[in-house]
Structure formats: structure tokens, C-alpha cells
Amino acid sequence: MSSQTEAVEAELVGRSPGQLMWRRFRRDRVGVISACVVVTFFALGLLAPVISALYGKDPYTRYGQLDPGLLNQYGYPVKPNGGMDGEFWFGIEPFTGRDVLTTLLYGIRTSLLIALAVTVLAVVTAILLGIAAGYLGGRWDFFISRGIDLLMAFPQQLFFVAFLPIIATLFVDPREETPTYVKVVSIILVLWALGWMTLGRILRGATLALREREFIEAARVSGASPWRIIRRELLPNVVSPMLVQSTYMLPNFVTTAAALSFLGVGLTEPTPDWGRMFSLAAEVYRSDITYMFFPGVAMVIFVVAFNLLGDSVRDAFDPKTVR
Amino acid sequence: MLRFLLRRSLGAVAILVIISAVTFFLFYAIPRNPALLACGKGICTDEQLAVVEANLGIDRPVPVQYWEYMVGIFAGRDFPAGHCPAPCLGFSFRNNTPVLDTILDRLPTTVSLTVGGAVVFLTLGLALGMLAAWRQGGLLDKTMSSTSLVLSSMQIYFLGPLALALLVYNNQILPQPTYVPFTEDPLGWFQGLLLPWLVLATIFTANYTRMARATLIEQLQEDHVRTARAKGMSPRTVFFRYAWRGSLIPVVTIFGIDLGSLFGGAMITEFTFALPGLGRLAVESVTQSNLPMLMGVMLFAALMIVLFNIIVDACYALIDPRVRLA
């Protein structure tokens, strides 16, 4: 929790809202468990290279082609259950014979990196525009709010699909092959462009309500600059919607980015990516359904844990809400 | 009502004009070479590029191009490759046909999929929400709140192939998903779309169950419900005549918000089940880099979403007499 929140309200309640929130959160067993799951996912993504080194495989080597005994003549794993054994714990990828466990770990890493970058960008944008609209009011409010309305009217997923290749041409000539980092940057930009409005609207509303409160007026009367009021008085008071909303946003970005790869417009071979695994799985599930199992179950666990965490964070900040 | 429709239609036209302008600008002004993008990556020869450039009229300034596009919608346009009658949403140089023809060809699939899916999830969501609220805290309520969380966290691209493998290929419980036009064979249409509807609905139902349950519980504590109960009205009548009606409003509200993501969900569903709809058309246009087609689909989807939003808003007045549409 931010130290600013504590500093502002410490004298009044004896215990800062941050401490109160933390105490309530610790008592919520579901919240703590889901927080642990979420942390585990981030740790797995972060430590993917370490795990891959310990495990002795990497997500790029085509083991199936190095060892002809692993895949049959149609390109599917010879061993049952997608080729799971002591050496390849989660089996091997059909056709290429890559290791599924490391592919999944690196895929989680890529997805979380993208989602985290988009979340940070979206939160910063929402803070800047939402608070500007709410605090400055007037013409600013009008234009920012109409802009939000307009962006909300866009057919989102279609926008993502349509603009990814176009954003990519900003960086490279369409004649050339698009490098992976350009794809990652374009995915982040496209998701960011339509990802900040919900939070922006919430922050604008919260700022509008806070602007009329006595403590803001007191700060204004005692000569505080608008910048100081925003930084020291407003921001600490909108931390809770910000945190709650970002825990809902992040898994959303993960699944959307995965959907883009699934549709064939996001990340492509050979970059390990969560969504790309689904697009291969959708091709091979009739012959080898095991391949779909691990990325699918991992994603369900991830999304469920994040949603539960979001609910718990919301409850911890605002115990009045009833689920 | 008439004034409301007129006002909303004017607003819708304004939004559509802005969306089309923004989309057009993003498509034709941002890329370094839109003609090359429209012609296709890696496969475009210099002669083809010249043809596409001439057809797109790329040598003129972007605002002029946009103006011609807008005029084309009302008056039709002539391209070197062929004629595009009004309303002309663009001309696809890949198969030399107006974009609108292909869109209208694909439209019934998407409409069947989304409307059918919406019927399934609205019915299921409301019914389950009602049951959960009726016996609040009961076994059904508890199992539903936990399963709905898991089901709503499922992704279509995971659930779709899984359902296909389990229900179609391994057990033959459901027929293979296909699209048969309703006018040709209503039963085949229903059978072919049943699995896609169910998969699409699984993602959305949970949200509506939760919302219906929460608002019903809230409504049951309202004063007018308590009064009705105190006057000796039967619980069933109270439930359906007062509480249920009140709980519809938030459901309609989220439905309006969900329209866009419903279309997005339809896109992934169509792709998963190989149904020839608008969403698949959009993905195909991206992979073949067919810029005019993509522009047409974008604009058409925006039009549909804006139109449906007006319908949803008009529904408010039918449900809640307090809402005045003016």
C-alpha cells in the first residue's frame, strides 16, 4: 500500500486504510489462496529460464526431429497421452516435437509480460485522462468523456484483429517479415488503445465526487497547487478502484492476447506463446487432445484465481459490498 | 417514442461518421504503404501493386479519399476493376466484387449465431438467477455460484475444441456444427448451430446469472414488494409481477454493454467451428490483407452494434415505465 494513504489518514483512525485493508484481506482465506496462485504464475513466468535450465529442455529445440523415435509418421507423439513420460513431463508438441512444459512456461512468460505492460500503460492513461476530466472539468471533461464514449462504441475484438497488422507496418515495410518484438509492441499498443476507458470513466466519476469534498477545498484554500492536490489528496483516494480494476483488467488482457494468437494475427511460430498453443491444439485435438489439456487448464486456473483475487481485494477495501 | 428514435438515430449517425473517419484514417493514412498492405504481403508483384494503387486512388490526399468513400456509400462508385452500386462500402480487388455482397452473404451466419446464443444465455442466465435467488443460500445457489465462476473463466478457444471432441467426435451426442440457412432447412439450421450456441452461451451465462440473482435479492427487499407481501399476495405473484420485472433493468443494461464482446465472441466461435460468418471474414481479410473488405466489415459491425444499442435502450421503456424516452 502507498505510504501516502497512511500519512493522510493516520492521525484520524489510528490505523491507515492500507493496514485495515491488509488485515481484512489476510482473514479472507479464498483471497489469500488465489493470491498465492497468482504469485505462483508470475514466479513461473519469471523463472522460466531457470526452470528450463534445471529441467534440461528449452522451448525451441525440436526434440521430435532430433530423436526420430518420438513422433510417428503422421507427426503425432508415439507414446500415449501426448508423449508424456519421465523425460517430457507434459508431453511433446505434435509435428515439431518441442517440449510442452517449457513451451507453456515461456508462453506464460510472454503473455504475462504483454498483459502487465498493457495494464501499466492503461492505468497510467486512465489516471491522467480520468483525473484531468474529473478535476479540470469544463471543456476538458467534455472532450475526454466524448472520446471515451466513442472508443467504447468501437467493436473491440474486431478492432484488435484489424489494426494489429496495420500498427506493425508503422515499424516495418509490409514486404518484409515482421520481427517478434514489433509484434509484441503492436499487440501492447492495440490493447492499450482500447483498454483504459472503463477505469478512466471510474476515475473521472470518483474525482468528480472527491473534488467537492471539504479536505480538497481546505487544501485549495490553503494555497496548494493543483498538482499537489492531485498527487497528495486525490490519488491516494482512488487507489482502491484502481487496484480492483487492474486485477480485472490483467487476466482480460491475457485472454485477449491469447485469442489474437489463436486467430492467427498475434504472435506466431516459433515464439512460445500461450495463445499460439491453443491454435495448434485446435488443429490437432482430434488426434492428440492431451496437447490442449495443459495450456487450457492452466489458463482456467489463472483466470479463476485472478477473478477471485479481484473480488477479495474489492471486499478488503470496501467491506460493505455484498457478493 | 418517435422523438427518442429520431434523436438516437441522429446520434448514431454522428457516431458512425466519426468511427468511419477514424477507421479510414487509421487504415489509409497510418501505414507506410496502404496499397502494398491491401495487395498482400510477400505475394504482391509490381504490376499488381500498380493496379491496386490505381483502384484505391491512393495518390490523392486521405481526406479526399475519405470523401469519395462516403459519397460512394450513397451514390455508388466506379473502379477501374468494376462497378460498385450504392450503398458501396468498398470494393474488394481480390475477387473484384463489391465488399457489401460478401458481407451480406456472411451476415446470416453471424446473426443466427449471436441472436441464438443471446437467446440461450439470456434464458439460462435469468432462469438460473431466479432459482438461485428463490432459495438464497441453498445448495443450488452455492453450487451455481462456484461453477459459474469456473465456466465464465473458460475461453471459447479452449471450450470449443473440448466440446467438439467430447460431444461430437467421441460420443456423437450432438451433430457436427455447420451452417445451413434457416430458409432451406430449419431443423438442420438448429442442429448445426446448437453446439456453437451452447459454447458461446457458456461464457456469457454466468454474468447474467450473477446479475439476475443479485438484483432479484435486492428487489425482494424493496418496500413495494414488502407491501405486496403484507397485503397477502402469494409469494409466486410477488416474485414474478414485482421483483422479476425490476431485476430485468440491470440485465438489459449489461446486455447493451456486452453487444460488442458478443460480436467478438462470435468471431472466435466462428473461427473455432469453421462457420462462414462476418468474424471469420474479418480474420480472413487480415490474413489475406484485404484492406477494403476489412474496412467494410469494421463499419458494418459498428453499424450493427449502434443499431442494437438503440433497440436495447428502447427496451428500457417497455420494462420500466419510470423511464421516459425523451
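Source: prediction; values computed, not measured.

Asker: Outline the overall build of chain B, supporting the account with residue identities and numerical values.
Answerer: Scanning chain B from N- to C-terminus turns up twelve helices and four strands. Seen along its three principal axes, the alpha-carbon backbone of chain B occupies a region of about 80 × 55 × 35 Å. Of all 326 residues assigned to chain B, the portion counted as buried reaches 39%. When contacts within chain B are restricted to residue pairs at least 6 apart in sequence, those whose partners lie at least 24 apart make up 66%.

Asker: Account for the overall build of chain A, naming residues and giving values.
Answerer: A tally of helices and strands in chain A yields 16 helices and zero strands. Principal-axis analysis of the C-alpha atoms places the extent of chain A at approximately 80 × 50 × 30 Å. Considering chain A as a whole, with its 323 residues, one finds that 46% of them fall into the buried category. Considering only intrachain contacts with a sequence separation of at least 6, the fraction spanning at least 24 residues in chain A is 67%.

Asker: Could you give me a rundown of the interface of chain B and chain A, with the residues and numbers involved?
Answerer: The interface of chain B with chain A comprises 42 residues on the first partner and 36 residues on the second. No other element matches the eight residues that helix H10 (residues 235-273) of chain B contributes to the side of chain B that touches chain A. Residue classes in the side of chain B that touches chain A are distributed as 31 nonpolar, nine polar and two charged.

Asker: Residue-level account of the UniProt feature "transmembrane region" (unreviewed entry) in chain B, with values.
Answerer: Residue and element names in this part refer to chain B. UniProt's entry tags residues 12-30, 111-134, 146-169, 189-209, 248-273 and 293-319 with the feature "transmembrane region" (unreviewed entry), counted in the numbering of this structure. Counted over residues 146-169, helix gives 88% and strand 0%. Its end C-alpha atoms are 29 Å apart. Helix makes up 100% of residues 189-209 and strand 0%, whereas the separation of the span's terminal C-alpha atoms amounts to 27 Å.

Asker: Can you explain the domain arrangement of chain B? Please cite residues and give values.
Answerer: All names here are of chain B. As far as domains go, chain B holds domain 1 (32-88) and domain 2 (100-325). One C-alpha centre belongs to domain 1, the other to domain 2; they are set 38 Å apart. Taken together, the contact pairs seven residues of domain 1 with six residues of domain 2. Split into classes, the residues belonging to the side of domain 1 that touches domain 2 amount to five nonpolar, one polar and one charged.

Asker: How would you summarise the packing of H10(B) against helix H12 (residues 291-319) of chain B if you had to cite specific residues and measurements?
Answerer: Residue and element names in this part refer to chain B. Their axes nearest at 10 Å, the elements H10 and H12 cross at an angle of 180°. Judged on the interaxial angle alone, H12 and H10 are roughly antiparallel. Residue-level contacts link Arg245, Leu248, Ile249, Val252, Phe255, Gly256, Leu259, Gly260 and Phe263 of H10 to Ala301, Ile305, Phe308, Asn309, Val312, Cys315, Tyr316 and Ile319 of H12. Its residues assigned to classes, the contact of H10 with H12 shows 13 nonpolar, three polar and one charged.

Asker: Could you give an account of helix H7 (residues 156-170) of chain B, with specific residues and numbers?
Answerer: Because each turn of an α-helix spans 3.6 residues, side chains separated by three or four positions in sequence point in the same direction. Residue and element names in this part refer to chain B. Here H7 spans 19 Å end to end across 15 residues, near enough to the 21 Å set by a 1.5 Å rise per residue. Most pronounced at Leu164, the bend in H7 amounts to some 30°. Within the span of H7, buried status applies to Ile156, Tyr157, Phe158, Leu159, Gly160, Pro161, Ala163 and Leu164. Immediately beyond the C-terminal end of H7, within one or two residues, lies Gln172, with a positive phi of roughly 50°.

Asker: So what about the nonpolar core? Which residues, and what values?
Answerer: Formed by 156 residues in total, the largest nonpolar core has its most connected members in Val161(A), Leu164(A), Ala282(B) and Val297(B). For this core, the element with the most residues is helix H7 (residues 100-136) of chain A, which contributes 17 residues. Counting contributing residues, this core receives three or more from each of domain 1 (32-88) and domain 2 (100-325) of chain B. Not counting chain neighbours up to four residues away, the residues in contact with Ala282(B) comprise Leu158(A), Val161(A), Ala162(A), Met267(B), Leu294(B) and Val297(B).

Asker: Report on the UniProt feature "domain: ABC transmembrane type-1" (unreviewed entry) in chain B, specifying residues and quantitative values.
Answerer: With numbering matched to this structure, UniProt assigns "domain: ABC transmembrane type-1" (unreviewed entry) to residues 107-316 of chain B. Helix makes up 83% of residues 107-316 of chain B and strand 0%, and the two end C-alpha atoms of the span are 27 Å apart.

Asker: Explain the confidence of the model for chain B to me, and be specific about the residues and the numbers.
Answerer: Interpretation of the predicted coordinates at a detailed level should be avoided for regions scoring low in pLDDT. Residue and element names in this part refer to chain B. Overall, the predicted model of chain B reaches an average pLDDT of 83, with 96% of residues at or above 70. Looking at the elements of chain B, mean pLDDT is at its lowest for helix H2 (residues 34-39), recorded as 72, and at its highest for helix H5 (residues 99-134), recorded as 90. Taken over the whole predicted complex, pTM reads 0.86, whereas the ipTM for its chain interfaces reads 0.84.

Asker: Could you give me a rundown of unusual backbone geometry, with the residues and numbers involved?
Answerer: Residue and element names in this part refer to chain A. Here Phe95, not a glycine, exhibits a phi torsion of approximately 70°, which is positive. Within the fold, Phe95 resides in the loop between helix H6 (80-83) and H7. Accessibility expressed as a C-beta count within 10 Å gives 17 for Phe95, which makes it partly exposed.

Asker: So what's going on with the packing of H5(B) against H12(B)? Which residues, and what values?
Answerer: Packed helix pairs are characterised by how far apart their axes lie and by the angle those axes make with each other. All names here are of chain B. Packing of H5 against H12 brings their axes to within 9 Å, and their N-to-C directions diverge by 55°. By the angle between their directions, the pair H5 and H12 is classed as oblique. For H5 against H12, the interelement crossing comes out right-handed. For the pair H5 and H12, the contacting residues are Val99, Leu100, Thr102 and Ile103 in the first and Pro292, Met293, Gly296, Val297 and Phe300 in the second. The residue makeup of the contact of H5 with H12, split by class, is seven nonpolar, two polar and no charged.

Asker: Account for the environment of Pro108(B), naming residues and giving values.
Answerer: As for its position among the elements, Pro108(B) is in helix H5. Residues Pro108(B) and Pro276(B) lie 168 residues apart in sequence; the distance between their C-alpha atoms is 9.4 Å.

Asker: Give a description of the environment of Pro68(A) that names residues and reports values.
Answerer: Residue and element names in this part refer to chain A. Summarising the element assignment, Pro68 is placed in the loop between helix H5 (63-66) and H6. For Pro68, a count of 10 C-beta atoms within 10 Å translates into the label exposed. Counting along the chain gives 74 residues from Pro68 to Phe142, while the straight-line C-alpha distance between them is 66 Å.

Asker: So what's going on with the environment of Leu54(A)? Which residues, and what values?
Answerer: Residue and element names in this part refer to chain A. With respect to the secondary-structure elements, Leu54 resides in helix H4 (residues 48-55). A residue is classified by how many C-beta atoms lie within 10 Å of it, and Leu54, with 9 of them, is exposed. Residues Leu54 and Asn72 lie 18 residues apart in sequence; the distance between their C-alpha atoms is 28 Å.

Conventions and cut-offs
- Here, residues in each chain are numbered from 1, in the same order as that chain's written sequence.
- Going through the entries in the order they are written, you letter the chains from A and number the ligands from 1.
- The model is predicted, so local features are restricted to residues of pLDDT at least 70 and side-chain atom pairs to those at 80 or more, both for listing and for counting; the totals for chains, interfaces and linings are taken over all residues.
- Per the convention used, a helix needs a DSSP run of H or I reaching at least four residues, while a strand needs a run of E reaching at least two, with both numbered from the N terminus.
- Once C-beta atoms are placed from the backbone, each residue is buried if 20 or more other C-beta atoms lie within 10 Å of its own, exposed if 12 or fewer, and partly exposed for counts between those two.
- By the convention adopted here, residues make contact when the C-beta atoms placed from their backbones lie within 7 Å.
- Following the grouping adopted for this structure description, the nonpolar residues are Ala, Val, Leu, Ile, Met, Phe, Trp, Tyr, Cys and Pro, the charged ones are Asp, Glu, Lys and Arg, and the polar ones are all others, Gly among them.
- UniProt positions are given in the numbering used here, feature names are shortened, and annotations may be inferred rather than shown by experiment.
- Residue ranges assigned to each domain were obtained from an automatic or database domain assignment.
- Orientation is described by axes fitted as lines to C-alpha atoms, over the contacting stretch for helices, and by angles from 0 to 180 degrees between their N-to-C directions.
- Oblique is the label for any angle not covered by the other classes, which are roughly parallel (under 35 degrees), roughly antiparallel (over 145) and roughly perpendicular (65 to 115).
- One fewer than the residue count of a helix, multiplied by 1.5 Å, yields its expected span.
- Values of bend correspond, residue by residue, to the angle between axes fitted over the seven residues ending at that residue and the seven starting there.
- In this usage, the nonpolar core is the set of buried Ala, Val, Leu, Ile, Met, Phe, Trp, Tyr and Cys residues whose C-beta atoms join them within 7 Å.
- Residue-level confidence of the predictor is what pLDDT reports, using numbers from 0 through 100.
- Crossing handedness is read from the near helix: turned anticlockwise from the far helix by less than a right angle, it gives a left-handed crossing, and turned clockwise, a right-handed one.

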